[in-house]
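What follows is the residue order along each chain.
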Amino acid sequence: ATCSVLGAQYHPECVVCGLCKKPIGTAECQVVSDVLYHAHCAERFVLRPVNTCCACQREIDDEGIVALQQTWCASCFVCHQCG
């Protein structure tokens with residue numbers, strides 16, 4: 001079975017949110033600049049962006065840590081070698 005998105009046919013499991021990369025499935029979705037998002041991802045992170053951690057998607061109260069052109073919260077910004 002396929003589903004139609006923006007005029008093209010896709011496998012349902014291949015239709016993923018442009019932000020969180022999780023399948024859209026039957027969830028409410030929204031298109032912003034030709035990219036499909038879960039409605040809650042589009043509202044919170046695309047249309048009204050706040051300072052959010054790129055790893056956990058939670059809102060950051062302070063300025064966060066900017067590295068690799070992304071913003072991280074202190075608990076997610078850790079060394080991948082030693083944790």
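The rules behind the values
Residues numbered from 1 in each chain as written. Predicted model: local features only at pLDDT ≥ 70, side-chain atom pairs only at ≥ 80, totals over all residues. Heavy atoms only, no water. Helix = DSSP H or I, 4+ residues; strand = E, 2+ residues; numbered from the N terminus. Buried < 20%, exposed > 50% of the residue type's maximum accessible area, 1.4 Å probe, protein only. Contact = heavy atoms within 4.5 Å.

Enquirer: What's the story with the environment of Val32 in this structure? I'm lost.
Expert: In this structure, Val32 sits in strand 3 (residues 29–32). For Val32, a relative accessible area of 15% puts it in the buried group. Between the C-alpha atom of Val32 and that of Leu19, which follows or precedes it by 13 residues, the distance is 11 Å.

Enquirer: Is there a simple way to think about unusual backbone geometry in this case?
Expert: Working note: non-glycine residues mostly have negative phi, and peptide bonds are mostly trans. Even without glycine at this site, Ser33 takes up a positive phi of about 50 degrees. The topology assignment puts Ser33 in the loop between strand 3 and strand 4 (35–38). At Gln69, a residue that is not glycine, the phi angle is positive and equals roughly 60 degrees. Tracing the backbone shows Gln69 in the loop between strand 5 (65–67) and strand 6 (70–72). A relative accessible area of 81% means that Gln69 is categorised as exposed.

Enquirer: Could you clarify how one ought to interpret the environment of Cys29 in this entry?
Expert: With respect to the element layout, Cys29 can be found in strand 3. Residue class for Cys29 comes out partly exposed when judged on its relative accessible area of 39%. Between the alpha carbons of Cys29 and Ala39 there is a distance of 4.4 Å; along the sequence they are 10 residues apart. Beyond its immediate chain neighbours, meaning those up to four positions away, Cys29 contacts Ile24, Leu36, Tyr37, His38 and Ala39.

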